[in-house]
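Examining the three-dimensional arrangement
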Amino acid sequence: RHNSEGDGNFLEDETTKNFARKVADHYSARSNQTLEEREASPIIHLKKLNNWIKSVLIQLYARRGDAVLDLACGKGGDLIKWDKAKIGYYVGIDIAEGSIKDCRTRYNGDADHHQRRKKFSFPARLLCGDCYEVRLDKVLADDAPFDICSCQFALHYSWSTEARARRALANVSALLRPGGIFIGTMPDANVIIKKLREAEGLTFGNSVYWIRFDEEYSDKKFKASDPFGIKYTFHLEDAVDCPEWIVPFHVFKSLAEEYDFELVFAKNSHEFVHEYMKRPEYVELMRRLGALGDGNQDQGTLSADEWDAAYMYMSFVLRKRGQPDKN
Ligand code: SAM
């Protein structure tokens, strides 16, 4: 097993699609915010809610000592969540060089950072690369098998072509042990398509986000025979401005089955909040994160527009078929 030092960049520009580069450049260019800037963000409560959702998923499925694969790990915003779950090993990969650099800084302890915290208790390997293009089973042959794989707010970037969507699932499937868990959060295609059909034109949104489909979708119909490459532009205030792709959930589920996954559950974020806020430990977690209201409504401290933006996402849990080894 490796540590975070000395890993090169295995991103090959000639094999990387232009859009993947656009996505990578977008995320790479996003600089770290100060605590003050973060708290002043128009979507601060949405960010807190999304952190709560990721924490709940991790607490539900991570076990002490687990080997974790974090696909599209970004700046390493989930490192602390994994540390709390007392994992044993972490591999994070992201296509954005700038984000991986920030992630390394965070893992190694940032001297300038306000929060001086103890070092993470698990060894980590942090890599820059395109998770939906590269054969990760080859790159991570020495690190596998993993107990759990997480892909948060990023799997939809694999849905630009069938080959990439398949590569994403094949990578995760090849690297997880039998019975291993794949958790993730991504846009909820059903909600997006419903909102598109209700909209007057091809653009809809509110004060914190907008989504725009190209003219080619002016009839608002999508061919069942071609569920890949359905592109839209997504703008989330203070966060994202990117080409993204629809992930029709039923296609995702059946493709995942081809790669030996069975669905444990899939829930829209609104439903997720409603369900897990019934558990006192997660209510307490929400309170600590600062996204809890008076307890009378799921929306908590989110503005109505943030709550509406939260509705655009769903979380999923898949389990790799087979029985774990007995030891
Ligand atoms: N998972 C992190 C989190 O929850 O904080 C980051 C989420 S951010 C919305 C999406 C991330 O996906 C970005 O860091 C971006 O660089 C990464 N990404 C997009 N396409 C990717 C690809 N093909 N391979 C690896 N990472 C990718």
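Structure: see above.
Notes on the structure in this doc start here.

Parameters and conventions
- Residues numbered from 1 in each chain as written.
- Predicted model: local features only at pLDDT ≥ 70, side-chain atom pairs only at ≥ 80, totals over all residues.
- Heavy atoms only, no water.
- Pairing = 2+ DSSP bridges.
- Helix = DSSP H or I, 4+ residues; strand = E, 2+ residues; numbered from the N terminus.
- Axes fitted to C-alpha atoms, helices over the stretch in contact; angles between N-to-C directions.
- Contact = heavy atoms within 4.5 Å.
- Near = heavy atom within 4 Å.
- Polar contact = N/O pair within 3.5 Å; in protein donor to acceptor, adjacent residues only side chain to side chain.
- Areas by Shrake-Rupley, 256 points an atom, 1.4 Å probe, with all protein chains shown as cover.
- Nonpolar A, V, L, I, M, F, W, Y, C, P; charged D, E, K, R; others polar.
- Buried < 20%, exposed > 50% of the residue type's maximum accessible area, 1.4 Å probe, protein only.
- Lys, Arg positive; Asp, Glu negative; His and termini not counted.
- Salt bridge = Lys/Arg side-chain N within 4 Å of Asp/Glu carboxyl O.

**What to know about the sheet that holds strand S2 (residues 89–94)**
- Reading across from one edge, S3-S2-S1-S4-S5-S11-S10 is the order of the seven strands in this open sheet, with mixed pairing throughout. Each edge of the sheet is formed by a strand with only one pairing partner; in this case those strands are strand S3 (124–128) and strand S10 (261–268). Looking at each pair of strands side by side, their axes are set apart by 15° on average, direction ignored.
- Sheet topology note: the strand S4 (residues 146–152)/strand S5 (residues 176–187) ladder contains six bridges and is parallel. Pairing of Gln152 across the sheet is with Thr185, part of S5.
- The sheet strands contacting helix H9 (residues 249–258) are S5, S10 and strand S11 (313–320), and the helix crosses S10 at an angle near 155°.
- The strands touched by helix H10 (residues 269–276) are S10 and S11; relative to S10, the strand with the most contacts, the crossing angle is about 90°.

**Looking at the site of the ligand**
- The full set close to the ligand counts 18 residues, and Lys54, Ala72, Asp94, Asp130 and Gln152 are the nearest of them.
- One of the backbone nitrogen or oxygen atoms of Ile95 is found 3.1 Å away from a nitrogen atom of the ligand.
- Notes on the ligand: free accessible area 600 Å², of which the protein chains cover 89%.
- For the shell around the ligand, the residue count by class is 11 nonpolar, three polar and four charged.

**Quick word on the environment of Lys119**
- Considering the arrangement of structural elements, one finds Lys119 in the loop between helix H5 (97–108) and S3.
- Between the C-alpha atoms of Lys119 and Tyr157, which are 38 residues apart in sequence, the distance is 32 Å.
- Within the structure, the side chain of Lys119 is placed 3.0 Å from the backbone oxygen of Asn108, a separation counted as a polar contact.

**Re the side chain of Asp94**
- Mapped onto the fold, Asp94 is located in strand S2.
- Despite its burial, Asp94 remains without a salt bridge, the nearest opposite charge being carried by Lys75 at 9.2 Å.
- A polar side-chain atom of Asp94 sits 3.5 Å from the main-chain amide nitrogen of Cys73.
- A distance of 2.8 Å separates a polar side-chain atom of Asp94 from the backbone nitrogen of Gly74.

**Focus on the side chain of Ser41**
- For Ser41, the location among the structural elements is in the loop between helix H2 (35–39) and helix H3 (44–61).
- Excluding anything up to four places from it in sequence, Ser41 contacts Lys47 and Asp238.

Shape is all these values report; function is a separate question.
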